[in-house]
Amino acid sequence: METKFTKGEWEPVIYSGEHKVEVWAGDDQIYANGSVTNKEEEFANAYLIASAPEMYKEIQDMSSWLRTQIGMGDWHKDLEKLLKKARGEL
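Attention here is on the structure that accompanies the text. (Residues numbered from 1 in each chain as written. Predicted model: local features only at pLDDT ≥ 70, side-chain atom pairs only at ≥ 80, totals over all residues. Heavy atoms only, no water.)

Quick notes on the pattern of salt bridges
In total, this model carries three salt bridges according to the counting rule given. Linking E22 and K20 is a salt bridge whose minimum nitrogen-to-oxygen distance equals 3.3 Å. By relative accessible area, E22 is classed as buried at 6%. Classification of K20 as partly exposed rests on a relative accessible area of 27%. When the shortest N-O distance is used, the salt bridge between D61 and K57 registers 2.8 Å. (Salt bridge = Lys/Arg side-chain N within 4 Å of Asp/Glu carboxyl O. Buried < 20%, exposed > 50% of the residue type's maximum accessible area, 1.4 Å probe, protein only.)

Quick look at the pairing of strand β3 (residues 28–33)
Here five bridges tie strand β2 (residues 20–25) to β3, and the two strands are oriented antiparallel to one another. Directly across from E22, in β3, lies its bridge partner A32. Between the end of β2 and the start of β3, which pair antiparallel, lie two residues, with G26 showing a positive phi angle near 65 degrees. (Pairing = 2+ DSSP bridges. Helix = DSSP H or I, 4+ residues; strand = E, 2+ residues; numbered from the N terminus.)

Focus on the packing of aromatic side chains
Two numbers describe a pair of aromatic rings. These are the distance of the centres and the angle of the planes. Within this structure, the stated rule accounts for one aromatic pair. Centroid distance F5 to Y56: 5.1 Å. Interplanar angle 90 degrees. Geometry classified as edge-to-face. Linking F5 in the segment before β1 (10–15) with Y56 in helix α1 (residues 39–70), this pair joins segments that are 51 residues apart in sequence. In this structure Y56 comes out as buried when scored by relative accessible area, which is 7%. The ring of Y15 has K20 lying over it, and the distance from NZ or CZ to the ring centre is 5.2 Å. (Phe/Tyr/Trp six-rings, centres within 6.5 Å; stacked < 30°, edge-to-face > 60°. Lys NZ or Arg CZ within 6 Å of the ring centre and 35° of its normal.)

Section: helix α2 (residues 74–87)
A rise of 1.5 Å per residue sets the reference length of α2, with its 14 residues, at 20 Å; its end C-alpha atoms lie 20 Å apart and thus fit the reference within 8%. Taken as a whole, α2 has its buried residues at H76, L79, L83 and R87. Mapping the buried residues of α2 onto a view down its axis gives an arc of 80 degrees, with all of them on the same face. Residues of α2 that are exposed and point more than 90 degrees away from the buried face comprise D74, K77, D78, K81 and K85. Buried-residue contacts for α2 involve α1. Trailing α2 by a residue or two, G88 shows a phi angle of about 80 degrees, which is positive. (Expected span 1.5 Å × (residues − 1). Arc of directions from axis to C-beta. Contact = heavy atoms within 4.5 Å.)

With respect to the packing of α1 against α2
The N-to-C vectors of α1 and α2 enclose an angle of 155 degrees; their axes lie 10 Å apart at closest approach. With respect to their mutual orientation, α1 and α2 come out roughly antiparallel. Both α1 and α2 take part in a crossing whose hand is left-handed. On α2, the residues that touch Y56, I59, Q60, M62, S63, L66, R67 and I70 of α1 are W75, H76, L79, E80, L82, L83, A86 and R87. For the contact of α1 with α2, the per-class residue count stands at ten nonpolar, three polar and three charged. (Axes fitted to C-alpha atoms, helices over the stretch in contact; angles between N-to-C directions. Parallel < 35°, antiparallel > 145°, perpendicular 65-115°, else oblique. Left-handed = near helix turned anticlockwise from the far one by under 90°. Nonpolar A, V, L, I, M, F, W, Y, C, P; charged D, E, K, R; others polar.)

This is the structure in structure tokens:
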């Protein structure tokens, strides 16, 4: 299924001196927070957000591979539900 996510590699930008984080995909800003109250947690969030497209692709590939190897099951429904949630379909 074609996703509507911003294309390209998502990269976190950490401004540790300013307690500011952003996530960018090329020239497109995906996420920004300039009022960090818990710096360590906010930095971790930025890395998680930046890795989301890659995780989505890996889950999608894993779901397809497992489906061809062992067929449909509850695990497959859970993975598909997670992918739909990531696409904003739930």
